[in-house]
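Coordinates in review
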Amino acid sequence: RARWIEPLVLALVIGASGMYYAFFTGLFAGLVALVLAWRERTPRPILMAAAPVAIIVVTLLITGPGAGLIDVLRGDVSLPRRGPDEQVLYGLVIADAARVLGMLPGAPEAWRQPLAGTSGEGAWGEWPGVLLSAVILLAPFTVIAATRAADAGRRLAGLCRLCITAGLLFAVRGGLGLWFNTAVTPAIRAQNRVMPFLTFFALILL
């Protein structure tokens, strides 16, 4: 069986899953490719990551706007206006991680309620649970040592910690994602949607 079939199928599925899955997949694929290229002193990992990311982008355009993209580019269809500062409303909230303690037996009822006065997505918190949230929060403290590991298993764990750290720095409200929304595009505003990716990396670490 050709080795390119599985990456192709995954790229098609991700591209058809929507803008946020496509964006964060490209973000983390690019990050891992840069690290591997630096370690191996070759651009090959970057080229290998660029191919599926390109397929993801094309699939996203076809399954999303499709032929309507021409109308958007011509100005015949106006898109909802988004501002870069909306990232402050819809980004990830680190403090919400404490709310997963409401899942524990005997936790006060108030811990299970939505946060009063919190606007936008995230009123219920986005964190996966006590164990996985702990893994996500602890990952940045060991990321440097882990990326220097020699064997393959530890290198994989190091890359997961690196991705978690980068995801937190990017998606936290007022973080690097705000700079991205200001300098590149404000379309990626609900950056708390990075949590499925961080949860996946945490599961690999466990």
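Predicted model, so just to flag it, every value in this text is computed and none were measured.

What to know about the pattern of salt bridges
Working definition: two side chains of opposite charge can pair if their charged atoms are close together. This structure, assessed with the given rule, holds one salt bridge. Put simply, Glu86 and Arg189 hold a salt bridge, and the shortest N to O gap is 2.5 Å. In this pair, Glu86 is assigned in the loop between α4 (68-74) and α5 (87-90) and Arg189 in the loop between α9 (176-183) and α10 (195-205), connecting sequence segments 103 residues apart. A relative accessible area of 23% means that Arg189 is categorised as partly exposed.

A closer look at the nonpolar core
Phe24, Phe28, Leu92, Trp127, Ile136, Leu198 and Phe201 are the most contacted members of the largest nonpolar core, which totals 28 residues. The set of elements that each furnish at least two residues to this core consists of α2 (19-40), α6 (130-138), α8 (152-171) and α10. Leu92 has contacts with Glu126, Trp127, Leu168, Ala171, Val172, Arg173, Asn192, Val194, Met195 and Leu198, leaving out every residue within four places of it along the chain.

Observations concerning the side chain of Glu86
Glu86 sits in the buried class, given a relative accessible area of 18%. In this view, Glu86 contacts Arg81 and Arg189; residues no more than four positions away in its chain are not counted.

Things to note about the state of the cysteines
Here the structure, examined in full by the defined rule, presents zero disulfides. Of all cysteine sulfurs, the one in Cys163 lies closest to Cys160, which takes part in no disulfide; the gap is 6.6 Å.

Some details on α2
Compared with an ideal rise of 1.5 Å per residue, which puts 22 residues at 32 Å, α2 spans 31 Å between its outermost C-alpha atoms and is within 8% of the ideal. For α2, the complete set of buried residues consists of Tyr20, Ala22, Phe23, Phe24, Thr25, Phe28, Ala33, Val35 and Ala37. Tucked inside the fold, the buried residues of α2 contact α1 (5-15), α3 (44-63), α8, α9 and α10. A positive phi of about 55 degrees marks Arg41, the residue just after α2.

Focus on unusual backbone geometry
The backbone phi angle of Arg41 is positive, close to 55 degrees, even though this residue is not glycine. You can see Arg41 is positioned in the loop between α2 and α3.

Regarding the packing of α8 against α10
Any two packed helices are characterised by the angle at which their axes cross and by the distance between the axes. Contact pair α8 / α10: the axes reach a minimum separation of 9 Å and the direction vectors enclose 155 degrees. Compared by their axis directions, α8 and α10 come out roughly antiparallel. Crossing hand, α8 versus α10: left-handed. On α10, the residues that touch Leu156, Ala157, Cys160, Arg161, Cys163, Ile164, Gly167 and Leu168 of α8 are Leu198, Phe201, Ala202, Ile204 and Leu205. Grouping the amino acids of the contact of α8 with α10 by side-chain chemistry returns 11 nonpolar, one polar and one charged.

Digging into the confidence of the model for the protein
Detailed reading of predicted coordinates is not advised where the pLDDT is low. On average, residues of the protein score 84 in pLDDT, and 86% of them are at 70 or above. When mean pLDDT is compared element by element in the protein, α10 scores highest at 95, while helix α7 (residues 143-147) scores lowest at 63.

Things to note about the environment of Ala11
Relative to the helices and strands, Ala11 is located in helix α1. A residue is classified by how much of its surface remains accessible, and Ala11, at 2% relative accessible area, is buried. As a C-alpha pair, Ala11 and Pro52 span 41 residues in sequence and 5.7 Å in three-dimensional space. When near neighbours in sequence (up to four residues on either side) are disregarded, Ala11 contacts Pro52, Ile55 and Ile56.

Basis of the calculations
Residue numbering note: each chain is counted from 1, following its sequence as written. Where local features are concerned, this predicted model is filtered to residues with pLDDT of at least 70; where side-chain atom pairs are given and counted, the filter is 80 or more; whole-chain, interface and lining totals use all residues. Side-chain numbers here rest on the full set of heavy atoms in the structure, without hydrogens or water. Salt bridges are counted wherever a side-chain nitrogen of Lys or Arg sits within 4 Å of a carboxyl oxygen of Asp or Glu. Each helix corresponds to a stretch of at least 4 residues labelled H or I by DSSP, and each strand to a stretch of at least 2 residues labelled E; elements are numbered beginning at the N terminus. Think of it in three bands: with a 1.4 Å probe and only protein chains considered, a residue is buried below 20% of the maximum accessible area for its type, exposed above 50%, and partly exposed in between. What makes a nonpolar core is a set of buried Ala, Val, Leu, Ile, Met, Phe, Trp, Tyr and Cys residues whose side-chain atoms join them at distances within 4.5 Å. Pairs of residues are marked as contacts when any of their non-hydrogen atoms sit within 4.5 Å. Pairs of cysteine sulfur atoms within 2.5 Å are identified as disulfides in what follows. Expected helix span is taken as 1.5 Å per residue step, with the number of steps being one fewer than the number of residues. Axis definition: a line fitted to C-alpha atoms, limited for helices to the stretch in contact. Angles are taken between N-to-C directions and run from 0 to 180 degrees. Each angle receives one of four descriptions, namely roughly parallel if under 35 degrees, roughly antiparallel if over 145, roughly perpendicular if within 65 to 115, and oblique otherwise. By convention the crossing between two helices is left-handed if the near helix lies anticlockwise of the far one by an angle smaller than a right angle, and right-handed if it lies clockwise. Ten residues, namely Ala, Val, Leu, Ile, Met, Phe, Trp, Tyr, Cys and Pro, are considered nonpolar, four, namely Asp, Glu, Lys and Arg, are considered charged, and the remaining ones, Gly among them, are considered polar. Per residue, pLDDT captures the predictor's confidence, and it can take any value from 0 to 100.

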